[in-house]
Amino acid sequence: MEVLNAGHKSLQEGVLTKMYLESNEGLKSTYEPCPFCNSNEWTGVREGCDLCRPKYKKSFKLTRCSSCGYVMQNPRPSDLELSEAYSASSNYDCYRPAWKVPGWPVWKILRAWTTRRRISRLRRYGIGHEMLEVGCGAGDFLVAAHHAGWNVRAVEYNSSMADSIRSELGLDVRAGELALGLWDEEQIDVVAFWNVIEHLQDPLRELFISARYLRTGGRVFISIPTRQAAEYGQSFGQYWALLDLPRHLHFYDKTTLSRLCDKAGFELVVYETPFVQSAWGYYMSSWRWANRDGERRLPWFRFLALALVVTMFMPVVALRAMRKQGFEAFAVAVKR
Ligand SMILES: [Zn+2]
């Protein structure tokens, strides 16, 4: 994989970040203390630009707590910064409604596969029949859960998406963030956060509110890129697909996710890191790297060559996933 380092300076940048943090004592006060262990000692993990805005050269930094291992963007981007980042990603994959699009383009097949996997997890780990989805995006999972017999409701930050699902499908989708007072408390059996927690400014707040809506014994489902997703794939630099800076703010492992759930009144009972998602991370990153910097010469040739190299690493990736060190985690936590 060393050949990949010829085109950029990812590893070098990682070292520079660390030195920067260690040698500028005065700057430490601009970094937040760790929300889990209150440590103020951070180590640079990597940095990268917003790939949705190729001309915007600001670099965003990921740091790891030296005490507990929690990885977060530090310093945290401002609300304005994030708002601009989301506006620039208006073609963000999760906002393409598969239920509205005729035919079967590749992205729709992949989306259907993801939805099917999520429904099978709902069947396997879910209880009752009342479900709330936080951040339903284009609504594909919500629609599928509705067809599978669940009473569904959702919140979605993108108001035009929320309006579209509500008016066109008649499902109870509220625009904005999760808040108290939207529905009766202690009536929900499952709250689903599919690739949402990593985007939230304050995940603990949203988990607290989820706990209020859930019955005792109710469950939260969480899928999230892991701490390993932030740490591995350095050879791909900022083209590593799991970074998605600055929109991804947090990267947990089993220990830190368990602490987060515990603080909100939940017990983490399932933590898996499926191989398929880790493998996807490598192939997606290969595609992004092959198309880097807007170059248009032979991206398919570069991608296939890279995919061949990546495939040789798959046994290692599978082993990591089995050891719960894959790049995306699926977790279930039960309300105490
Ligand atoms: Zn910590």
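Report on the accompanying structure. All figures in this text were calculated on a predicted structure; none of them were measured in a lab. (Residues numbered from 1 in each chain as written. Predicted model: local features only at pLDDT ≥ 70, side-chain atom pairs only at ≥ 80, totals over all residues. Heavy atoms only, no water.)

**Examining helix α11 (residues 314-322)**
M314, V317, R320 and A321 are the residues of α11 that are buried. Angular distribution of buried residues about the axis of α11 spans 115°; they occupy a single face of the element. For α11, the exposed residues lying more than 90 degrees away from the buried face are P315 and M322. Phi turns positive one or two residues past the end of α11, at K324, with a value near 60°. (Buried < 20%, exposed > 50% of the residue type's maximum accessible area, 1.4 Å probe, protein only. Helix = DSSP H or I, 4+ residues; strand = E, 2+ residues; numbered from the N terminus. Arc of directions from axis to C-beta.)

**Overview of the nonpolar core**
Core analysis: the biggest nonpolar cluster contains 38 residues, and F193, V220, I222, L257 and F266 have the highest contact counts within it. Here this core spans two domains, and each of domain 1 (2-77) and domain 2 (93-335) adds at least three residues to it. Not counting the four nearest positions on each side in its chain, V220 is found in contact with V191, F193, L207, S210, L214, F266, A331, V332 and A333. Residues M131, F141, I165 and F221 belong to the second largest nonpolar core, which totals 23 residues. (Core = buried A, V, L, I, M, F, W, Y, C linked by side-chain atoms within 4.5 Å. Domains from an automatic or database assignment. Contact = heavy atoms within 4.5 Å.)

**Remarks on the sheet that holds strand β9 (residues 250-251)**
An order of β1-β2-β3-β9 is seen for the 4 strands of this open sheet, with the pairing classed as antiparallel. Of all strands in the sheet, those bounded by a partner on one side alone are β1 (42-48) and β9. By the bridge criterion, 6 bridges tie β1 to strand β2 (residues 60-65) in an arrangement that is antiparallel. Residue T43 lies in a different strand from β2, and its bridge partner there is R64. (Pairing = 2+ DSSP bridges.)

**Things to note about the coordination of the zinc ion**
For a metal with four tetrahedral donors the ideal donor-metal-donor angle is 109.5 degrees, whereas six octahedral donors ideally subtend 90 or 180 degrees. Looking at the zinc ion, the protein donor atoms are C34 (SG), C37 (SG), C65 (SG) and C68 (SG), and they sit 2.3 Å from it. Coordination geometry of the zinc ion: the 4 donor atoms subtend angles of 98 to 121° at the metal centre, consistent with an arrangement described as tetrahedral. Each donor residue of the zinc ion lies on the same chain, and together they follow the pattern C-x2-C-x27-C-x2-C. One end of the pair, C34, is in the loop between α1 (10-23) and β1; the other, C65, is in strand β2, with 31 residues separating them in the sequence. An identical accessibility class is assigned to C34 and C65; each is buried. (Donors = N, O, S within 2.8 Å, 3.2 Å for Na, K, Ca; no water. Tetrahedral: all angles 85-135°; square planar, octahedral: opposite > 155°, others 65-115°.)

**A word on the environment of S159**
Tracing the sequence through the fold places S159 in helix α5 (residues 159-169). Spatially, the C-alpha atoms of S159 and V173 are 9.5 Å apart, while their sequence positions differ by 14 residues.

**Some details on the pattern of salt bridges**
Enumeration according to the criterion identifies 18 salt bridges in this entry. Connected through salt bridges with shared partners, the residues D50, R53, K58, E81, D244 and R247 form a single ionic network. (Salt bridge = Lys/Arg side-chain N within 4 Å of Asp/Glu carboxyl O.)

**Some thoughts on the environment of P203**
Looking at where P203 falls in the secondary structure, it is placed in helix α6 (residues 203-213). Sequence spacing of P203 and H250 is 47 residues, and the spatial spacing of their C-alpha atoms is 9.1 Å.

**Some points on the sheet that holds strand β5 (residues 151-156)**
The 7 strands lie next to each other as β6-β5-β4-β7-β8-β11-β10, forming an open sheet whose pairing is mixed. Either end of the sheet is taken by a strand with one partner, and the two such strands are β6 (172-175) and β10 (266-272). Along the sheet, successive strands turn relative to each other by an average axial angle of 20°, direction set aside. Here strand β8 (residues 214-225) pairs with strand β11 (residues 328-335) via 7 bridges, running antiparallel. (Axes fitted to C-alpha atoms, helices over the stretch in contact; angles between N-to-C directions.)

**Here we look at the side chain of Q277**
With respect to the element layout, Q277 can be found in helix α9 (residues 275-290). The class of Q277 is buried, set by a relative accessible area of 7%. Among the polar contacts listed, one links the side chain of Q277 to the side chain of E328, at a separation of 3.3 Å. Those residues in contact with Q277 that sit more than four places away from it in its chain are R117, R121 and E328. (Polar contact = N/O pair within 3.5 Å; in protein donor to acceptor, adjacent residues only side chain to side chain.)

**As for the packing of α9 against α11**
Where α9 meets α11, the axes come as close as 9 Å, and the angle between the chain directions of the two elements is 140°. Relative to α11, the element α9 lies oblique. The element α9 and its partner α11 pack so that their crossing is right-handed. In this structure, α9 contributes F275, S278, A279, Y282 and Y283 to the contact, and α11 contributes M314, V317, A318, R320 and A321. Across the contact of α9 with α11, the residue classes break down as 8 nonpolar, 1 polar and 1 charged. (Parallel < 35°, antiparallel > 145°, perpendicular 65-115°, else oblique. Left-handed = near helix turned anticlockwise from the far one by under 90°. Nonpolar A, V, L, I, M, F, W, Y, C, P; charged D, E, K, R; others polar.)

**Brief notes about unusual backbone geometry**
A cis geometry characterises the amide bond from N74 onward to P75, with omega recorded as 5°. Structurally, P75 is set in the loop between β3 (71-73) and α2 (79-88). Cis rather than trans, the peptide bond between L245 and P246 has omega equal to 0°. Mapped onto the secondary structure, P246 falls in the loop between α7 (227-231) and β9.

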